[in-house]
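Below, each chain spelled out in residue letters.
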Amino acid sequence: MRVAVSNGVRVVYLTGRPEKTRYSTICWLENHNLDFHDMLLMRENSDRTPARYFKSKLIKKLIAKHRYHFVLGVTDRECDIEAYEEHHIPALYARAYEE
């Protein structure tokens, strides 16, 4: 991903985590050398929408309102793949790991 970033690709993280976990999420990204994103989009604390639908709504907004062109969606949850496929974005399932 760092090669993509160095070639002008912008990285946007869409997470189903609530906003109240922003600090711990940023720390996790930093600890796993994934801290090179342009945006970290999180759900409102009171939002209980399933992550797949929450992410689909954000993707739709980023495409329509901000004219984003997604190259690839990467997720550690199989159910999120549908959110990317719904918008014709290739999706990669990367299984989460424990250290």
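Engineer: Quick question: what am I supposed to make of the pattern of salt bridges here?
Structural biologist: As a working rule, side chains carrying opposite charge can pair if their charged atoms are close by. All chains considered together, the criterion is met by six salt bridges. As a salt-bridge pair, Glu-19 and Arg-22 come within 2.4 Å of each other at their nearest N and O atoms. Here Glu-19 falls in the partly exposed class, since its relative accessible area comes to 29%. A relative accessible area of 27% means that Arg-22 is categorised as partly exposed. The partner of Asp-80 in a salt bridge is Arg-77, with the nearest N and O atoms 3.7 Å apart. Linked through salt bridges whose partners overlap, the residues forming this network are Arg-52, Glu-82 and Glu-86.

Engineer: Just checking my understanding: could you explain the nonpolar core for this structure?
Structural biologist: Across soluble globular proteins, nonpolar side chains show a tendency to be buried alongside one another. Counting residues in hydrophobic clusters, the biggest one holds 11 residues: Val-12, Leu-14, Leu-41, Phe-54, Leu-58, Ile-59, Leu-62, Tyr-68, Phe-70, Tyr-84 and Ile-89. When residues of this core are assigned to their parent elements, the largest contribution, four residues, is made by helix α3 (residues 51-64). Membership of the second largest hydrophobic core comes to six residues, among which are Val-11, Tyr-13, Leu-40 and Met-42.

What counts and how
- Residues numbered from 1 in each chain as written.
- Predicted model: local features only at pLDDT ≥ 70, side-chain atom pairs only at ≥ 80, totals over all residues.
- Heavy atoms only, no water.
- Salt bridge = Lys/Arg side-chain N within 4 Å of Asp/Glu carboxyl O.
- Buried < 20%, exposed > 50% of the residue type's maximum accessible area, 1.4 Å probe, protein only.
- Core = buried A, V, L, I, M, F, W, Y, C linked by side-chain atoms within 4.5 Å.
- Helix = DSSP H or I, 4+ residues; strand = E, 2+ residues; numbered from the N terminus.

It is worth stressing that arrangement in space is one thing and function is another; only the former is reported here.
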